[in-house]
Amino acid sequence: MNARMKEFNRQWLQIILGCLITALGLVVLKHSHVVTGGTAGLSLSLSYVLHVEFHYAFVLLNIPFLLFSYWKLGRAFTLRTIIAVVLLSGMTSADNLLPHYSLPALAGSIVGGAFIGLGVSLLFQYGSSLGGSTILVLYFQKKYGWDPGKTNFIADVLAFAGCLSALTLNQGLISVLSLAVTSGLMSFYTNRNRNQGPRRSGRGKLSSAAAA
C-alpha cells in the first residue's frame, strides 16, 4: 500500500510540474506576443482578439475534446486531463497579478516553445494531457503509432492558420518557430522513452503512449 501511495503521489507531482512548466511557457509567449498552436494557441489568440481571459477560453474550447477523450481514452485519463486543464488555467491566471511587461519575440518563442514541449511531454509520460489537440495526438499515437511531435506540429499549424490574419509576417514566422521547438521536444522525449522501454511500475505512472 505504501509503495502504491508513493507511486500515486509521484504521478501527481509530475502532472503538477508539467502544468507549471507549460504555464510558464504560455506566459512567456503571451508577453512575447507570440501565438502557439492547439487549443492553448487558439485560446491565446482569442484572448488577444476578443479581450477575454486566456483561462476562460481555454476551458470552454476543451469541452468537446474532453468528451472525445472520455469515449476513446477512458474515464481515468479524462479525469487526469480535466484536472490538468483546471490546474493550467489557474496557474496562467496568476499572471494577472504581475505588472505588465514585454519580452523579445524571437527569444520568447524559443524559450516559451521549449517550456511547453517539456511540460506536455511530462504530462504524456504520466498519463495526462492538456486537452484539445493533445488528446488527439495521444489517440493517434496509441492507435496508429504516430510520432506525437509530428502529429502535434500538423495540428498546431492547422490551428495556427486560423489566426494568421491577426498577425504580421514577422509574428507568423516567429510563431511557427515556437511550434517547431515544442513539437521537436515532444518527438525527442517520445523517442527517448521508447528506446528506454516502458516503465515497469505499472501503478498509475504511464508511458507516453499510455491512456487509462
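Going by the annotation in an unreviewed UniProt entry, the name recorded for the protein chain is YitT family protein, with Cohnella luojiensis given as the source organism. Of the comments in the UniProt record for the protein chain, the one headed Subcellular location (unreviewed entry) reads "Cell membrane".

(A) Representation of the overall build of the protein chain. Summing up its helical and strand segments, the protein chain has eight helices and zero strands in all. Start at the N end of the protein chain and walk to the C end: the helices and strands fall as α-α-α-α-α-α-α-α. Of all 212 residues assigned to the protein chain, the portion counted as buried reaches 49%. A sequence separation of at least 24 residues applies to 75% of the contacts in the protein chain between residues at least 6 apart. Surface summary for the protein chain: the accessible area is close to 10700 Å², and the carbon and sulfur share equals 69%.

(B) The UniProt feature "transmembrane region" (unreviewed entry) in the protein chain, seen in detail. Under the feature "transmembrane region" (unreviewed entry), the UniProt entry names residues 12-29, 49-70, 77-94 and 114-139. Measuring from the first to the last C-alpha atom of residues 12-29 gives 26 Å, for a span that is 100% helix and 0% strand.

(C) Main features of the nonpolar core. Among the nonpolar cores identified, the biggest contains 29 residues, and Ile-15 and Leu-130 are the most heavily contacted of them. Element by element, the count of residues in this core is highest for helix 1 (residues 2-32), at seven residues.

(D) Highlighting the packing of aromatic side chains. For the structure shown, the criterion picks out eight aromatic pairs. One aromatic cluster in this structure is built from Phe-68, Trp-71, Tyr-139, Phe-140, Tyr-144 and Trp-146. Seen from the ring of Trp-71, Lys-72 lies directly overhead, with NZ or CZ sitting 4.2 Å from the centre.

(E) The pattern of salt bridges, seen in detail. Throughout the structure, instances matching the rule amount to one salt bridge. In this structure, Lys-30 engages Asp-95 in a salt bridge whose closest nitrogen and oxygen atoms are separated by 3.4 Å. Taken together, the residues Lys-30 in helix 1 and Asp-95 in the loop between helix 4 (75-93) and helix 5 (105-125) connect sequence positions 65 residues apart. For Lys-30, a relative accessible area of 27% gives the class partly exposed. According to the relative accessible area criterion, Asp-95 is buried, its value standing at 7%.

(F) Spotlight on the packing of helix 1 against helix 4. With their axes 9 Å apart at the nearest point, helix 1 and helix 4 run at an angle of 40 degrees to one another. Classified by the interaxial angle, the pair formed by helix 1 and helix 4 is oblique. Pair helix 1 / helix 4 crosses with right-handed handedness. Facing Gln-11, Trp-12, Ile-15, Ile-16, Cys-19, Leu-20, Thr-22, Ala-23 and Leu-26 of helix 1, the residues of helix 4 in contact are Arg-80, Ile-83, Ala-84, Leu-87, Leu-88, Met-91 and Thr-92. Its residues assigned to classes, the contact of helix 1 with helix 4 shows 12 nonpolar, three polar and one charged.

(G) The environment of Thr-182, seen in detail. As for its placement among the helices and strands, Thr-182 is situated in helix 8 (residues 169-196). Accessibility expressed as a relative area gives 3% for Thr-182, which makes it buried. Through-space distance from the C-alpha of Thr-182 to that of Gly-37 is 9.6 Å; in sequence the pair is 145 residues apart. When residues no more than four places from it in sequence are discounted, the contact partners of Thr-182 are Gly-113, Ile-116, Gly-117 and Asn-152.

(H) Representation of the confidence of the model for the protein chain in the model. On average, residues of the protein chain carry a pLDDT of 82, and 85% of them reach 70 or more. No element of the protein chain has a lower mean pLDDT than helix 2 (residues 38-49), which averages 70, and none a higher one than helix 5, which averages 93. Taken as a whole, residues 198-212 scores under 50 in pLDDT and shows 38 contacts with residues more than four places along the chain or in a different chain.

What counts, and where the lines are drawn
- Residues numbered from 1 in each chain as written.
- Predicted model: local features only at pLDDT ≥ 70, side-chain atom pairs only at ≥ 80, totals over all residues.
- Heavy atoms only, no water.
- UniProt positions renumbered as here; feature names shortened; annotations may be inferred.
- Helix = DSSP H or I, 4+ residues; strand = E, 2+ residues; numbered from the N terminus.
- Buried < 20%, exposed > 50% of the residue type's maximum accessible area, 1.4 Å probe, protein only.
- Contact = heavy atoms within 4.5 Å.
- Areas by Shrake-Rupley, 256 points an atom, 1.4 Å probe, with all protein chains shown as cover.
- Core = buried A, V, L, I, M, F, W, Y, C linked by side-chain atoms within 4.5 Å.
- Phe/Tyr/Trp six-rings, centres within 6.5 Å; stacked < 30°, edge-to-face > 60°.
- Lys NZ or Arg CZ within 6 Å of the ring centre and 35° of its normal.
- Salt bridge = Lys/Arg side-chain N within 4 Å of Asp/Glu carboxyl O.
- Axes fitted to C-alpha atoms, helices over the stretch in contact; angles between N-to-C directions.
- Parallel < 35°, antiparallel > 145°, perpendicular 65-115°, else oblique.
- Left-handed = near helix turned anticlockwise from the far one by under 90°.
- Nonpolar A, V, L, I, M, F, W, Y, C, P; charged D, E, K, R; others polar.
- pLDDT = per-residue confidence, 0-100.

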